[in-house]
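Coordinate inspection notes
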Amino acid sequence: MPRYQIAKGVLFQSGMTGSPQLKSPSRSPIDHATQAEEAEAVAYQAENVIEPQDWEEGGDDGYESDLASRASTSLTSSVRDYAFENGRRYHKFREGQYQFPNDEPEQEREDMKHAMVLNLCGGRLHYAPIDNPYPQNVLDIGTGTGIWCMDMGDEYPSSSILGVDLSPIQPSWVPPNVKFMVDDVESPWLHNTGYFDYIHARHISVAMKNMPQLCAEAFRCTKPGGWIEFQEMLMKSHCDDDSMPPDYGVTRWLDTMKAALAVLGPDLHGAVKHEQYLKDAGFINVQQRTFKIPIGTWPKNKTLKTVGLYGRMMIYDGLEANSLRPFTRGLGWSTEQVHVFLIDVRKALMDVSVHCYLPFYVTFGQKPQA
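Residues numbered from 1 in each chain as written. Predicted model: local features only at pLDDT ≥ 70, side-chain atom pairs only at ≥ 80, totals over all residues. Heavy atoms only, no water.

Next up on the list: the pattern of salt bridges. Summed over all chains, the structure comprises ten salt bridges. Glu-47 serves as the salt-bridge partner of Arg-289, at 2.6 Å between the closest nitrogen and oxygen. Across the pair Glu-110 and Arg-109 runs a salt bridge, and its minimum N-O distance is 3.8 Å. The exposure class of Glu-110 is partly exposed, given its relative accessible area of 22%. (Salt bridge = Lys/Arg side-chain N within 4 Å of Asp/Glu carboxyl O. Buried < 20%, exposed > 50% of the residue type's maximum accessible area, 1.4 Å probe, protein only.)

Structural data, given as C-alpha cells:
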C-alpha cells in the first residue's frame, strides 16, 4: 500500500513499502580502512589549510576537462502548480518564498551539492551524537530532492524520516521509513511539542527570512535531550594566501547576491549566526565545526579536488538561473545586465590559480532534559 502524508489539506504519496531503496551515488561501498584514512586527511585539511596543487608536477587528472557537472506523487493542483520565469520553473505554493528554480537541472545541482558535502565530511550525514539511542523521529527542513532523507532512511532503518519542502519534487520510490510533506516551515508547525528526536537542515540561509522564529519552533518540537543540526555554507569568498585578487569575479557575484537577497528577506551570511540562534532559542551543548569547500580543482588532495570540482560547478551550473530572479526582483536589473555581469564570473570560476574557498559551518545543539 502506498504511504500518504496529510499536510494542511495536501495529500502527498511519498513512498511504497517494498520499493527499491535508492542511495546517492556518493555512498557506494569502498574499502573501509582506506576510506577512514582518506577521510581523516580530508577533514584535517578542510578544517585547517588546504594544500594547493603544484601544476608543474603534472596534469589535472582530467578534472579541468570536465566542464559539465552531471555528477509520481499525488497532490492537490494548488501545490502541483508551478510558476515559470526566464525559462525556468519555480514553486507555486507560497510563491516567492524561495527565489531559486526547482526544475530538473536544479534538482541535479542539489544532488551534486549533497555528494560534495558527503565527500567533504567523509560520508557522514550528521555530526550531532544521535546514535545512542537511535532517533525515532527525524525531520529534514528544506529537504529539496529528498536525497539526504533517503540516505538517512537507509542508515537508520528503524527511524521515521520526514522531509519538508515547498516543492513536491521528491521521488515516489523511497525507503519505507521515509515520508515527504509539502509545507512552509516558516509558518507554525503542526507537530506536537517534543515530537522529534533530531532535526536537520542544510543550505537553508538562502530561503529563510526569520531564523530566530524557526529555531524557536524547532526547540518546541524537539524532544528533551534531542538534537538539532544546521549545515550551511557561508557564501563569502575566502583565501588563505594572496592568490585571490581584490576584484575577483566570484567575490563580486557573491556580494551582489547578498545585496539582492537582503532586499527579498534571506541573509546569505546567516551561517555565522546559527550558533547564537540556537543558544538564544534555548539549546545547550552547542558546538560548531568549520570546513572549507574549495572552489575549483586547485587542491592537491584528490578528494578535496573532487569537492572543489563540485563546488565550482555548483556555482557555474546554477549561475544564470540563480542570479536572474534575485538580481531582477531584488536589485531591479535587466536580464541583459545580468548576462553581461556573469561573463567575468564564469571566467573567474575557471581560474585554478585562485585558491578560493567557501566556509562550511556545521552547528548542532541539544534541547535540555525535562
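With that out of the way, let us pick up the packing of helix α6 (residues 249–264) against helix α8 (residues 302–330). The description of two packed helices rests on the angle between their axes and on the distance between the axes. Remark: α6 packs on α8, axes separated minimally by 9 Å, with the N-to-C direction vectors making an angle of 45°. With respect to α8, the element α6 is oriented oblique. For the crossing formed where α6 meets α8, the hand is left-handed. Seen from α6, the contacting residues are Trp-253, Thr-256, Met-257, Ala-260, Leu-261, Val-263 and Leu-264; seen from α8, they are Ile-315, Leu-319, Asn-322, Ser-323, Pro-326, Phe-327, Arg-329 and Gly-330. In the contact of α6 with α8, the residues fall into ten nonpolar, four polar and one charged. (Axes fitted to C-alpha atoms, helices over the stretch in contact; angles between N-to-C directions. Helix = DSSP H or I, 4+ residues; strand = E, 2+ residues; numbered from the N terminus. Parallel < 35°, antiparallel > 145°, perpendicular 65-115°, else oblique. Left-handed = near helix turned anticlockwise from the far one by under 90°. Contact = heavy atoms within 4.5 Å. Nonpolar A, V, L, I, M, F, W, Y, C, P; charged D, E, K, R; others polar.)

Soluble globular proteins tend to bury their nonpolar side chains together. Core analysis: the biggest nonpolar cluster contains 65 residues, and Met-116, Leu-120, Met-152, Tyr-198, Met-233, Trp-253 and Phe-360 have the highest contact counts within it. The element that contributes the greatest number of residues to this core is α8, accounting for ten residues. Excluding its chain neighbours within four sequence positions, the residues that come into contact with Phe-360 are Val-117, Leu-120, Cys-121, His-203, Gln-231, Glu-232, Met-233, Arg-289, Thr-290, Phe-291 and Ile-293. Residues Leu-139, Leu-162, Ile-204 and Ala-281 belong to the second largest nonpolar core, which totals 25 residues. (Core = buried A, V, L, I, M, F, W, Y, C linked by side-chain atoms within 4.5 Å.)

So, on to the side chain of His-274. Secondary-structure assignment places His-274 in helix α7 (residues 274–281). His-274 gets classed as buried once you look at its relative accessible area, which sits at 1%. Apart from the residues lying within four places of it in its own chain, the contact partners of His-274 are Ser-205, Met-211, Phe-230, Glu-232 and Thr-363.

Here we come to the packing of aromatic side chains. Counted by the stated rule, this structure contains nine aromatic pairs. Look at Phe-219 and Phe-283: their rings are 5.1 Å apart centre to centre, the planes differ by 85°, and that puts the pair in the edge-to-face class. With Phe-219 in helix α5 (residues 211–221) and Phe-283 in the loop between α7 and β11 (284–294), this pair connects stretches of sequence that are 64 residues apart. Note on Phe-219: relative accessible area 21%, which makes it partly exposed. The aromatic ring of Phe-219 is capped on one face by Lys-367, whose charged end is 4.8 Å from the ring centroid. (Phe/Tyr/Trp six-rings, centres within 6.5 Å; stacked < 30°, edge-to-face > 60°. Lys NZ or Arg CZ within 6 Å of the ring centre and 35° of its normal.)

Purely geometric numbers; function is a separate question.
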